[in-house]
Amino acid sequence: MLDALQRPCPLCGNTEPEVLAQLSLPQPSHSPLPSGYRLVACAACDFAYADTPASQAEYDRYYQQLAKYGGPTGTGAGHDAADMRRLEQLADRLEAELPGKDAAILDIGCGAGGLLQVLTARGYTQAEGLDPDPAAVAAARAHGLAVRAGLASESPALYAGIRFDLIVLSHVAEHLRDLDWLPRLAGLLAPAGRLYIEVPDPRGYRCDPRPPYYYFDSEHINHFSPRALARLFATAGLAPEAFPDCTLSLSDGSTYPAFAGIARAEAAPLPAPAPAVLPQLRSYLEASAERARQAILIQPPLDGDAPLLVWGAGSWAQRLLGQDAIPLARVLAFLDGAPNKQGQTFAGKPVVAPADGLCRHPKAQVLVCVAVNPHQIEAEIQRIEPGHPRSLHFITEPT
Ligand SMILES: [Zn+2]
């Protein structure tokens, strides 16, 4: 039983998804995004997603004001050789779908217009774009590109009455909280027009060489499979033609797994893609937890089986819990000096005032889980219980 689901499956409305993990993602204080979310999965859609409490309006504000785009997988600006190569490869895939150089093309979430520039250089005369970030729009316009400022979800209204031979969303759909407007893009397609949606490929998520949980962040809140994209296309009355592999080569020499779904109205239907993503995500999460455990040091090592008090119920404790780095089964309570936390529970354990917890459990060892100045806690414990022997441990990440 799931308590307080914030976001039913955005593809099928399923209100009972499986919980895969609780992820802690501390935010700067001015960010409208949550400091973490549950990663949940809809088995029917073969789709994993963030059960995020933030609204689409809050994500919109984040992308309009706070995100610095041109990240490794946006349609980018072609700012280095690897990015240029990626844009050329994307243009190759798209070109195979286009009827001619005068094809009408819309790149939704076009960033600074990297793809549009490549298409224009190849002789396409009717390529235009849309992006929510005013700085990206200004940069694209400075290159003479036809780019409007606006949210992706506004595109069905903004372009009403226009028919495109190709609509591209490249590394956009994984960022969207609300997907309900996407099927309306079908209304902007010319009779043989294609919808191209490129996303990260969870089938390629691996711990090595990247740090644990790398693929789960505040921005990537949807993890599509071919089956999930097929469902999205079906809602739009489109049929997928192909799901090409689009693995990206990044400038540091690593690769980034990605695939695309290409759909049109009258494609011969492909067989429904078999579920592929959920088992891979489960094993990726296990590998991430194991890697995270190995990366965390408790110094000095915990004594035998003595129970634990954890000092600190803040964001670092949250993240360490998310990484399974705190031996929760042995924890009696969390100690925290903040009155607004005392009396609450954290990870199912009571949060109490430090003096109360220490007094009640004189033999427990203390694991200090405080990010800033952890060693000052030692002096504080001395003040609370002068002369009392207390086994003290610190949890640190190697730097
Ligand atoms: Zn679903």
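Here the structure is shown first, and the text comes after it.
These numbers come from a predicted model, not from an experiment. (Residues numbered from 1 in each chain as written. Predicted model: local features only at pLDDT ≥ 70, side-chain atom pairs only at ≥ 80, totals over all residues.)

1. Some points on the sheet that holds strand β14 (residues 297-299)
Step number 1: Strand order in the open sheet formed by seven strands is β14-β20-β19-β15-β16-β18-β17, and the pairing between neighbours is mixed. Every interior strand has two partners, whereas the edge strands, β14 and β17 (345-346), have only one.
Step number 2: Relative to strand β20 (residues 392-396), strand β19 (residues 365-368) is paired through three bridges, and the arrangement is parallel. Counterpart to leucine 367 in the pairing with β20 is histidine 393. (Pairing = 2+ DSSP bridges. Helix = DSSP H or I, 4+ residues; strand = E, 2+ residues; numbered from the N terminus.)

2. Thoughts on the nonpolar core
Step number 1: Ranked by size, the top nonpolar core spans 84 residues in total, and within it Phe47, Ala48, Ile105, Ile167 and Val168 carry the most contacts.
Step number 2: Leave out the neighbours within four places in its chain, and valine 168 touches Leu94, Ile105, Leu106, Asp107, Ile108, Leu115 and Tyr196.
Step number 3: Membership of the second largest hydrophobic core comes to 26 residues, among which are Ala333, Ala364, Leu367 and Val368. (Core = buried A, V, L, I, M, F, W, Y, C linked by C-beta atoms within 7 Å. Buried ≥ 20, exposed ≤ 12 C-beta atoms within 10 Å, placed from the backbone. Contact = placed C-beta atoms within 7 Å.)

3. With respect to helix α6 (residues 226-235)
Step number 1: Burial within α6 is extensive, with eight of its 10 residues counted as buried.
Step number 2: Inspection of α6 places Pro226, Arg227, Ala228, Leu229, Ala230, Arg231, Leu232 and Phe233 among the buried residues, and these make up the whole buried set.
Step number 3: Against the buried residues of α6 lie β3 (47-51), β8 (189-200), β10 (239-242) and β13 (258-264).
Step number 4: One or two positions beyond α6, positive phi appears at glycine 237, with a value near 75 degrees.

4. Some words on the pairing of strand β2 (residues 36-42)
Step number 1: The element β2 is largely enclosed, with a buried count of seven among its seven residues.
Step number 2: Pairing of strand β1 (residues 18-24) with β2 involves six bridges; the strand directions are antiparallel. Within β2, the position partnered with leucine 23 by the bridge is tyrosine 37.
Step number 3: Two strands pair when backbone bridges link them, and β2 and β3 are joined in this way by five bridges, in the antiparallel orientation. Paired with alanine 41 across the two strands is alanine 48, which belongs to β3.
Step number 4: Hairpin connection of β2 to β3: four residues between the antiparallel strands, including aspartate 46 at a positive phi of 55 degrees.

5. Some details on the environment of alanine 272
Step number 1: Within the secondary structure, alanine 272 is located in the loop between β13 and α7 (277-295).
Step number 2: Along the primary structure alanine 272 and proline 240 are separated by 32 residues, whereas in three dimensions their C-alpha atoms are 9.5 Å apart.
Step number 3: Sequence-distant contacts of alanine 272, that is, excluding residues within four places in its chain, are made with Arg227 and Ala230.

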